[in-house]
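Topology and contacts: notes
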Amino acid sequence: MDVRVFDGKAAASKAAFEVIKDAMNHGIQTLGLATGSSPVDLYDDMTSSDLDFSHMTSVNLDEYVGLDPKNDQSYHYFMNQHLFSKKPFKQSFVPDGQAADIEQAAKDYDRIIEEHPIDIQLLGIGRNGHIGFNEPGTPFDGGTHKVALTQSTIDANARFFEHEEDVPRYAISMGIGSIMKSKQIILLAFGEDKADAIKATVEGPVTEDVPASVLQKHNNVILFIDEEAAARL
Ligand code: GLP
């Protein structure tokens, strides 16, 4: 695994941006995108650049079940706010968390991913090592699926909601099998809260208990992390 440690989130995000810019200059078509605070600086770099995304496709990792795209905590809303409203893509896919039939929506999303092979997948990481919303115990070979969020993830997300009971309990997430098919993966992690997850990802055994540890089996992964997240390596 290629682990690059930077003095702060801004420097790490700029370096990740340069990798994306270079790949776009070499003709990539599809970006896999992530939500959360980790990619925000990178999205700022993208929107303030002169890069044109209007020929590109994006495929997002996940969405909460039951939140309207207009809800400011939905991942649809997040992506519009941070990226798509400023840099429109030719087409942008985000899982449909409002579908009446979530199982069917998951199958439809897998077909979208097959039709648009991901050149670079961006990832954040949860404190328990989750990627997308693939919580510990998720099979490494799965596709898009409905997820019951763990208490640790619900607690981590509670700060964004007025009441704890408003935090969604379910999500729809791209599977680890699909993430692993991406040609290249960029993982961003910042702050001491992520230090244990980063250690387990990079140095621990490859185990479904730490979803991100699967990345050890991918041949083109770069971690852009700050010194706090790297503290236990
Ligand atoms: C959520 C998202 C993940 C993200 C994680 C960490 O669980 N589904 O994709 O990586 O939060 O978020 P943050 O970057 O805010 O720490």
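Owing to the predicted nature of the structure, the values given are computational and were not obtained by experimental measurement.

All right, on to the site of the ligand then. Around the ligand, the structure places 13 residues, and the nearest of them are G36, S37, S38, G124 and G126. Its residues placed into classes, the shell around the ligand shows four nonpolar, eight polar and one charged.

The next point concerns the sheet that holds strand β1 (residues 2-6). Taken in spatial order, the seven strands make up an open sheet running β1-β10-β9-β6-β2-β3-β5, and their pairing is parallel. The open sheet has two edge strands, β1 and β5 (91-93), and neither has a second partner. Mean inter-strand twist for the sheet, computed between neighbouring axes without regard to direction, equals 15 degrees.

Listed under "domain: Glucosamine/galactosamine-6-phosphate isomerase" (unreviewed entry) in the UniProt record, and renumbered for this structure, are residues 11-221. Helix makes up 33% of residues 11-221 and strand makes up 16%, while its end C-alpha atoms are separated by 18 Å.

A word on the pairing of strand β2 (residues 30-33). Side-chain alternation along β2 places T30 and G32 on one buried face and L31 and L33 on a second face that is also buried. For β2 and strand β3 (residues 57-60), the ladder comprises four bridges, and the chain directions are parallel. Of the residues in β3, the one forming a bridge with T30 is T57. Between the parallel elements β2 and β3, the chain passes through helix α2 (residues 40-47) in a crossover that is right-handed. Note: β2 against strand β6 (residues 120-123), two bridges, orientation parallel.

Bringing the sheet that holds strand β8 (residues 170-173) into the picture now. Across the sheet, which stays open at both edges, the three strands sit in the order β4-β8-β7 with antiparallel pairing between neighbours. Because the sheet does not close on itself, it has two edges, and the strands there are β4 (62-64) and β7 (145-148). The average angle at which neighbouring strand axes cross in this sheet is 25 degrees, direction not considered. Sheet topology note: the β4/β8 ladder contains three bridges and is antiparallel. Bridge pairing links D62 to S173 in β8.

Procedures and definitions
- Along each chain, residues carry numbers from 1 onward, in the same order as the chain's sequence is written.
- For a predicted model such as this one, the threshold for reporting local features is a pLDDT of at least 70, and the threshold for listing and counting side-chain atom pairs is 80 or more; totals across whole chains, interfaces and linings nevertheless cover every residue.
- Here, nearness is defined through the C-beta atom: a residue counts as near a molecule or strand if that backbone-placed atom lies within 6 Å of it.
- Under this grouping Gly is polar, as are all residues other than the nonpolar Ala, Val, Leu, Ile, Met, Phe, Trp, Tyr, Cys and Pro and the charged Asp, Glu, Lys and Arg.
- When DSSP finds two or more bridges between two strands, those strands count as paired.
- Each helix is a run of DSSP H or I of at least 4 residues and each strand a run of E of at least 2, with the numbering of both proceeding from the N terminus.
- Comment: axis = line fitted to C-alpha atoms, over the contacting stretch for helices; angle = value between 0 and 180 degrees taken between N-to-C directions.
- UniProt positions are given in the numbering used here, feature names are shortened, and annotations may be inferred rather than shown by experiment.
- Exposure is read from a count of other C-beta atoms within 10 Å of each residue's own; the residue is exposed at 12 or fewer, buried at 20 or more and partly exposed in between. C-beta atoms are placed from the backbone.
- Handedness is read with the strands pointing away from the viewer; a crossover is right-handed when the path from the first strand over the helix to the second is clockwise.

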